Amino acid sequence: MSKIILIGFMGCGKSTVAHELAKVKSVPLYEMDTEILKRSEYPDMATLFQAKGEICLREWEIRLAKEWSHLSEGVVSCGGGVVLNKIILDYLRQNGGAVFFLNASFEVLKQRVSLDPTPRPLFQKEDEAYALYTLRKPLYIAYSDHIIDVEGRSTSDSIQHIISLSKR
Ligand code: S3P
């Protein structure tokens, strides 16, 4: 298995799938948000946004993707906004990587986000989040090699699907 890169809107389950997948395949896990918060020393994304603004997060994402372009194996879980800068997925794909878009409807994403304690500064107002979703969805599709419909599917089922597609 080479590099598996997970993208998708907030609440689609990138982090959960990435953790499980890395465990099942015994490969390293690379989580963008976690790494950015560790390095920037902000406790969560809401605090980072408040102190530095969204642009700072986007710069971090680009820097990290450049650094991780050298990786040849592992599971990379991206923040929901990586498709805003095409260079990020271009970097991550280097050295052999396939991009999987975890797809779900806005209704399901909204419900999942409401049950998740992770602070999400860009999912505060439903209408604004929906506007982001409609703007980004074509980008997730355009930048992915495979689309995984996660709605109504268990985590282990999504993982098996990703594994079988990545073997082809
Ligand atoms: C963002 C998604 C978040 C995090 C930040 C911005 C976005 O990651 O990177 O709050 O722009 O969609 P998750 O998709 O893991 O929630």
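Predicted model, so just to flag it, every value in this text is computed and none were measured.

Student: Honestly, the site of the ligand in this entry has me stumped. Any pointers?
Tutor: The full set close to the ligand counts 13 residues, and Lys 14, Asp 33, Arg 58, Arg 120 and Arg 136 are the nearest of them. Taking Lys 14, its side chain carries an N or O atom lying 2.7 Å from an oxygen atom of the ligand. With respect to the ligand, the backbone of Gly 80 contributes an N or O atom lying 2.9 Å from an oxygen atom. Coverage of the ligand by the protein chains reaches 93% of its 390 Å² of free accessible surface. Under a 2 Å grid-point criterion requiring more than half of the atoms, the pocket assigned to the ligand is the largest pocket.

Student: Any chance you could explain the side chain of Lys 3 here in plain terms?
Tutor: The residue Lys 3 is located in strand E1 (residues 3-7) in this model. The buried charged residue Lys 3 lacks any salt bridge, with Asp 145 as its nearest oppositely charged partner at 11 Å. Of note is the side chain of Lys 3, whose polar atom sits 2.6 Å from the backbone oxygen of Leu 92.

Student: What is the right way to look at the packing of helix H3 (residues 45-52) against helix H4 (residues 54-68) in this model?
Tutor: A pair of packed helices can be characterised by two numbers: the angle between their axes and the separation between those axes. Between H3 and H4, the least distance of the axes is 7 Å, while the angle of their chain directions is 115°. In terms of orientation, H3 and H4 fall into the roughly perpendicular class. Counting all contacts with H3, which are made through Met 45, Leu 48, Phe 49 and Lys 52, the residues of H4 involved are Glu 54, Ile 55, Cys 56 and Leu 57. In terms of residue class, the contact of H3 with H4 is made up of 6 nonpolar, no polar and 2 charged.

Student: How should the packing of helix H6 (residues 106-115) against helix H7 (residues 126-143) be read in this particular structure?
Tutor: At a minimum axis separation of 11 Å, H6 and H7 run at an interaxial angle of 130°. Relative to H7, H6 is oriented oblique. Two packed elements cross with a definite hand, and for H6 against H7 that hand is right-handed. Contacts from Phe 106, Leu 109 and Lys 110 of H6 reach H7 at Glu 126, Ala 129, Tyr 130 and Tyr 133. Looking at the contact of H6 with H7 residue by residue, the classes come out as 5 nonpolar, no polar and 2 charged.

Rules used throughout
Residues numbered from 1 in each chain as written. Predicted model: local features only at pLDDT ≥ 70, side-chain atom pairs only at ≥ 80, totals over all residues. Heavy atoms only, no water. Near = heavy atom within 4 Å. Polar contact = N/O pair within 3.5 Å; in protein donor to acceptor, adjacent residues only side chain to side chain. Areas by Shrake-Rupley, 256 points an atom, 1.4 Å probe, with all protein chains shown as cover. 1 Å grid on protein atoms, 1.4 Å probe; cavity = no way out; pocket = protein on both sides within 12 Å on 5 of 7 lines; lining within 4 Å. Sits in = over half its atoms within 2 Å of the grid points. Helix = DSSP H or I, 4+ residues; strand = E, 2+ residues; numbered from the N terminus. Buried < 20%, exposed > 50% of the residue type's maximum accessible area, 1.4 Å probe, protein only. Lys, Arg positive; Asp, Glu negative; His and termini not counted. Salt bridge = Lys/Arg side-chain N within 4 Å of Asp/Glu carboxyl O. Axes fitted to C-alpha atoms, helices over the stretch in contact; angles between N-to-C directions. Parallel < 35°, antiparallel > 145°, perpendicular 65-115°, else oblique. Contact = heavy atoms within 4.5 Å. Nonpolar A, V, L, I, M, F, W, Y, C, P; charged D, E, K, R; others polar. Left-handed = near helix turned anticlockwise from the far one by under 90°.

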